[in-house]
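Residue-level structure breakdown
Letter by letter, the chains look like this.
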Amino acid sequence: MNIFSKKIKEILIPIVLLTVFFATQATGIFSEGMMFWMLLIFNLIVFYLVCNKNEYKLYIIGVVAGILIEARGELFSGSLHLGMTSFMGVPYWMVLVWGLGVVLITRVGVAIRRI
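Bear in mind the structure is a predicted one, so any value in this text is a computation, not a measurement. (Residues numbered from 1 in each chain as written. Predicted model: local features only at pLDDT ≥ 70, side-chain atom pairs only at ≥ 80, totals over all residues. Heavy atoms only, no water.)

**Section: helix H4 (residues 92-113)**
An α-helical turn contains 3.6 residues, so a residue and the one three or four places further along point in the same direction. With 22 residues, H4 ought to run about 32 Å at 1.5 Å a step, and its terminal C-alpha atoms sit 33 Å apart, in line with that. Residues of H4 that are buried include every one of Trp-93, Met-94, Val-95, Leu-96, Val-97, Gly-99, Leu-100, Gly-101, Val-103, Leu-104, Arg-107 and Ala-111, and no others. (Helix = DSSP H or I, 4+ residues; strand = E, 2+ residues; numbered from the N terminus. Expected span 1.5 Å × (residues − 1). Buried < 20%, exposed > 50% of the residue type's maximum accessible area, 1.4 Å probe, protein only.)

**Considering the packing of aromatic side chains**
Applying the stated criterion to the full structure yields 5 aromatic pairs. Between Phe-21 and Phe-22, the ring centres sit 5.3 Å apart and the planes meet at 70 degrees, which makes this aromatic pair edge-to-face. You can call Phe-22 partly exposed: its relative accessible area is 39%. An aromatic cluster is built from Phe-21, Phe-22 and Trp-93, whose rings are joined through pairwise contacts. (Phe/Tyr/Trp six-rings, centres within 6.5 Å; stacked < 30°, edge-to-face > 60°.)

**A short note on the environment of Val-102**
With respect to the element layout, Val-102 can be found in helix H4. In this structure, the C-alpha to C-alpha distance between Val-102 and Tyr-59, residues 43 residues apart in sequence, is 6.5 Å. Those residues in contact with Val-102, other than ones at most four positions away along the chain, are Leu-58 and Gly-62. (Contact = heavy atoms within 4.5 Å.)

Listed below in structure tokens is the structure:
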């Protein structure tokens, strides 16, 4: 496998999947539960295609950070008003976005450093 196809699997596919997710979320045609399951499947696809060493730790850090940051924004400032919330005022799907976002940002950073 050449380096370009590995980078496509590692970076471009997660970006495309997140774009599809956010476009779908913006339309509002799916419920919060369906959004969670769609994003969970996208996360599994991303990690099935490429899972670098210790990325699951980054994912967990991103999920925990997402819960803390989003809950703080919802509980203390009240500036964030999301429809049907699930955990401490934060939809379940949002913490999955945080986890995948941390992993994706790390992958992009490593790819840029190797250029």
